[in-house]
Amino acid sequence: RPECPKVGSSAGRSVGRTVRVGRSVRPTASLLAMPRTVVHLLRHGEVYNPEGVLYGRLPGYELSDLGHQMAATVAESLKENDITHIVASPLIRAQQTAQPTADLLGLPIATDERVIEADNKFEGLQVGVGAGAFAKPRYWPWLWNPLRPSWGEPYKDIAARMRAAVADLRKTAIGHEGLIVSHQLPVWIARRSFEDASFVHDPRNRECNLASLTTLTFDDDELVSLDYSQPAGHLIADASGKFVGGA
């Protein structure tokens with residue numbers, strides 16, 4: 001099968017690659033007439049989180065100085081793209097990540113609750129090995145079913161709301177490009193859904209780094225390619241380590 005093409009400007013991006021999805025077909029006049037629409041899913045930049053807690057939907061967790069730099073770097077990489085609409089999660093870190101791109105392109109930011117971070121029972125707690133919540137027996141009942149998962153919002157519900165948001169933006173930005181600023185787990189689950197892949201995964205292996213782009217390209221309503229890139233990838237090494245991935 002031929003490779004599906006990358007779409008949109010690649011200026012300033014790093015670690016970009018295209019994943020084939022769906023079926024490849026020979027171009028015809030009718031296919032070429034289909035509107036090509038691109039929806040970018042952007043994870044927010046680094047958050048100021050000195051306690052190292054899983055902040056989830058908790059209010060007040062803003063971008064760090066480095067996170068603002070990441071957001072500005074992404075905006076610069078997208079300045080030549082044909083983005084006509086910007087959507088962001090209501091959480092402040094997503095709004096702050098969207099702002100530089102909105103300012104550069106002269107676009108408003110539409111807030112969409114459907115692209116918010118996943119709900120999680122461990123919000124406000126330090127998680128992981130060692131002295132984290134996972135080591136405390138009182139929290140173990142929350143971990144009984146990693147397939148759902150039992151500690152938070154079901155993966156299938158995350159996929160449904162993210163796909164609905166993508167579908168609406170695809171229609172709104174038809175023939176152009178749209179940007180959704182969201183969070184690691186919702187972006188990753190959306191990607192797995194579009195790839196028809198299992199939602200069950202090791203959070204450490206998510207390909208959804210800080211300020212990364214997961215780019216969906218549609219011909220009409222058919223997904224023809226999925227691309228992952230890291231416009232601010234060169235800044236990751238400077239991250240403090242005091243950020244926690246999604247649920």
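Values in this document were obtained by computation on a predicted structure and should not be read as measured data.

Caption draft 1: The overall build of the protein chain, seen in detail. Counting secondary structure elements, the protein chain contains five helices and seven strands. Residues classed as buried in the protein chain amount to 50% of the 247 residues present. Long-range contacts, defined here as pairs at least 24 residues apart, represent 70% of the contacts in the protein chain between residues at least 6 apart.

Caption draft 2: Up close: the confidence of the model for the protein chain. Looking at the protein chain as a whole, the pLDDT averages 86, with 81% of positions reaching at least 70. Confidence drops under a pLDDT of 50 for residues 1–15, and excluding neighbours within four residues, the segment shows 47 contacts in the predicted structure. Note on residues 242–247: pLDDT is under 50 here. Beyond four places in sequence and across chains, it has 30 contacts.

Caption draft 3: Structural detail: the pattern of salt bridges. Counted by the stated rule, this structure contains eleven salt bridges. Notably, a salt bridge pairs E153 with R57, separated by 3.3 Å at the nearest N-O pair. Here E153, found in the loop between β4 (109–111) and α4 (155–172), pairs with R57, found in the loop between β2 (36–43) and α2 (65–77); they are 96 residues apart in sequence, far enough to count as distant. Two residues, R114 and D168, come together in a salt bridge whose shortest N-O distance is 2.8 Å. A residue pair is termed long-range when its members are at least 10 positions apart, and R114 in the loop between β4 and α4 and D168 in helix α4 qualify at 54 residues. Connected through salt bridges with shared partners, the residues R57, E153 and R161 form a single ionic network.

Caption draft 4: How the structure looks around the packing of α4 against helix α5 (residues 184–194). Across the interface, α4 lies against α5 with an axial gap of 8 Å and an inter-helix angle of 85°. With respect to each other, α4 and α5 are oriented roughly perpendicular. Here Y155, I158, A159, R161, M162, R163 and V166 of α4 lie close against α5, whose contacting residues are L185, P186, V187, I189, A190, S193 and F194. Per-class residue counts for the contact of α4 with α5 are eleven nonpolar, one polar and two charged.

Caption draft 5: Up close: the pairing of strand β6 (residues 213–219). Along β6, seven of the seven residues are buried, which leaves the element largely enclosed by surrounding structure. Burial along β6 is two-sided: the residues L213, T215, T217 and D219 and T214, L216 and F218 are all buried. The sheet contact formed by β2 and β6 spans seven bridges and is antiparallel. Residue pairing across strands places V38 opposite T217, the latter belonging to β6. Two elements, β6 and strand β7 (residues 222–229), share seven bridges in a ladder whose sense is antiparallel. Counterpart to L216 in the pairing with β7 is L226. Linking β6 back to β7 in an antiparallel pair, the connection comprises two residues, with D220 at a positive phi of about 60°.

Caption draft 6: Structural view of the environment of I189. Its place among the elements puts I189 in helix α5. Under the relative-accessibility criterion, I189 is labelled buried at 0%. Setting aside residues up to four positions removed in sequence, I189 forms contacts with Y155, I158, A159, F199 and H201.

Caption draft 7: Quick look at the environment of S193. Relative to the helices and strands, S193 resides in helix α5. The class for S193 is buried, based on a relative accessible area of 12%. Expressed as a C-alpha distance, the spacing of S193 and M162, which sit 31 residues apart in the sequence, is 9.5 Å. Beyond its immediate stretch of four places on either side in the chain, S193 contacts A159, R163 and F199.

Rules used in this analysis
- Residues numbered from 1 in each chain as written.
- Predicted model: local features only at pLDDT ≥ 70, side-chain atom pairs only at ≥ 80, totals over all residues.
- Heavy atoms only, no water.
- Helix = DSSP H or I, 4+ residues; strand = E, 2+ residues; numbered from the N terminus.
- Buried < 20%, exposed > 50% of the residue type's maximum accessible area, 1.4 Å probe, protein only.
- Contact = heavy atoms within 4.5 Å.
- pLDDT = per-residue confidence, 0-100.
- Salt bridge = Lys/Arg side-chain N within 4 Å of Asp/Glu carboxyl O.
- Axes fitted to C-alpha atoms, helices over the stretch in contact; angles between N-to-C directions.
- Parallel < 35°, antiparallel > 145°, perpendicular 65-115°, else oblique.
- Nonpolar A, V, L, I, M, F, W, Y, C, P; charged D, E, K, R; others polar.
- Pairing = 2+ DSSP bridges.

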